[in-house]
Amino acid sequence: MTEKPIIVVTGGNRGIGFEICRQLAGRGAQVVLTARQPEAGKEAVKKLAAQQLSAEFHSLNVTDPGSARALLDHVERAFGRLDVLIYNAGIYPKEDSSGLNVEVETVRTTLETNMLAPLYLSQTMAPLLKRSRAARIINVSSGMGALSEMQGDHAAYRISKTALNAVTAILAAELRGVAAVNSICPGWVRTDMGGPNAERDVSEGLAGAVWMALDAPQSLTGKFVRDREVIPW
Ligand code: NAP
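In this report, the structure presented in the accompanying data block is examined. On a predicted model such as this, the values are computed, not experimentally measured, just so you know.

### Here we look at the sheet that holds strand 8 (residues 229-230)
Then, number 1: An order of 3-2-1-4-5-6-7-8 is seen for the eight strands of this open sheet, with the pairing classed as mixed. Only two strands of the sheet have a single neighbouring strand rather than two, namely strand 3 (55-59) and strand 8.
Then, number 2: The pairing of strand 1 (residues 6-9) with strand 2 (residues 30-35) spans four bridges and is parallel. By the bridge assignment for strand 2, Ile-7 is matched with Val-31.
Then, number 3: Here helix 4 (residues 104-129) sits on the sheet and contacts strand 4 (84-87) and strand 5 (135-140); the angle it forms with strand 4, its principal contact strand, is near 170 degrees.

The following block contains the structure:
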């Protein structure tokens with residue numbers, strides 16, 4: 001059984017998820033890079049290999065419960081445990097709008113990917129996380145979901161990230177002593193989602209995620225963290 005930390009990353013084929021995989025592989029972790037489109041996932045693993053970095057691909061559409069259970073079976077067979085689950089996949093729908101105008105259907109689909117799927121994936125992977133000596137769940141959230149700085153616009157996305165933070169706080173309470181569970185905010189990052197005018201390069205935005213996965217004290221749990229600092233919910 002490998003001593004390397006075994007880390008599953010969702011939405012690992014591009015943007016922040018890919019860079020998380022790249023940096024964790026560079027630190028010697030056993031990375032399971034997941035993506036819903038197998039071609040895109042395999043291409044991402046090839047890109048890492050071209051940089052002498054190793055990760056394995058496994059298919060995962062986060063909104064498909066069967067896909068999550070297949071991932072559980074694979075990780076159980078391959079490694080027998082899971083050390084870190086990084087829920088990074090997310091959507092920021094173009095049709096999102098103000099609270100007064102957003103279509104309820106848009107809110108529903110955003111909640112599905114950004115809140116229900118991470119809840120279900122944590123439930124599914126919990127038995128394997130419980131076999132780790134230092135289990136962690138890291139939910140990639142957003143300052144746009146912080147109630148302390150809530151504003152109008154992008155209501156579906158904001159609500160979904162607030163709800164994701166609630167998932168984090170609830171699981172942190174229920175898994176205290178078993179797994180550290182935290183939300184992180186990467187800041188505004190230049191990716192397909194963040195756009196070209198975002199303040200941060202992707203490597204900057206996720207240094208906090210890599211720290212949270214490998215270096216943060218195990219006692220840090222139930223928090224919302226940006227750049228290694230606890231921030232208000
Ligand atoms: P991105 O470039 O749009 O990438 C999103 C990733 O999520 C892609 O890999 C996408 O896969 C994946 N994904 C979406 N739905 C999925 C599903 N059903 N199953 C599996 N994968 C799915 O976004 P990003 O900027 O890297 O954002 C990553 C995370 O950071 C998100 O949770 C986002 O909310 C958060 N965040 C980003 C920023 C920012 O400024 N960029 C700021 C705060 C928080 P496909 O390629 O198949 O679509």
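### Focus on the site of the ligand
Then, number 1: Lining the immediate surroundings of the ligand are 29 residues, of which Arg-14, Gln-37, Tyr-157, Val-189 and Thr-191 lie closest.
Then, number 2: Between a nitrogen atom of the ligand and a main-chain N or O atom of Val-62, the distance comes to 3.0 Å.
Then, number 3: For the ligand, the protein covers 95% of the area, taking 900 Å² as the surface of the free molecule.
Then, number 4: Looking at the shell around the ligand residue by residue, the classes come out as eleven nonpolar, 14 polar and four charged.

### Examining the packing of aromatic side chains
Then, number 1: This model, assessed by the stated rule, comprises two aromatic pairs.
Then, number 2: Plain terms: the ring middles of Phe-224 and Trp-233 are 5.6 Å apart, the flat faces sit at 10 degrees to each other, and that makes the pair stacked.
Then, number 3: Residue classification places Phe-224 among the buried residues on the basis of a relative accessible area of 0%.
Then, number 4: Overall, the relative accessible area of 34% leaves Trp-233 in the partly exposed class.

Rules behind the numbers
- Residues numbered from 1 in each chain as written.
- Predicted model: local features only at pLDDT ≥ 70, side-chain atom pairs only at ≥ 80, totals over all residues.
- Heavy atoms only, no water.
- Pairing = 2+ DSSP bridges.
- Helix = DSSP H or I, 4+ residues; strand = E, 2+ residues; numbered from the N terminus.
- Contact = heavy atoms within 4.5 Å.
- Axes fitted to C-alpha atoms, helices over the stretch in contact; angles between N-to-C directions.
- Near = heavy atom within 4 Å.
- Polar contact = N/O pair within 3.5 Å; in protein donor to acceptor, adjacent residues only side chain to side chain.
- Areas by Shrake-Rupley, 256 points an atom, 1.4 Å probe, with all protein chains shown as cover.
- Nonpolar A, V, L, I, M, F, W, Y, C, P; charged D, E, K, R; others polar.
- Phe/Tyr/Trp six-rings, centres within 6.5 Å; stacked < 30°, edge-to-face > 60°.
- Buried < 20%, exposed > 50% of the residue type's maximum accessible area, 1.4 Å probe, protein only.

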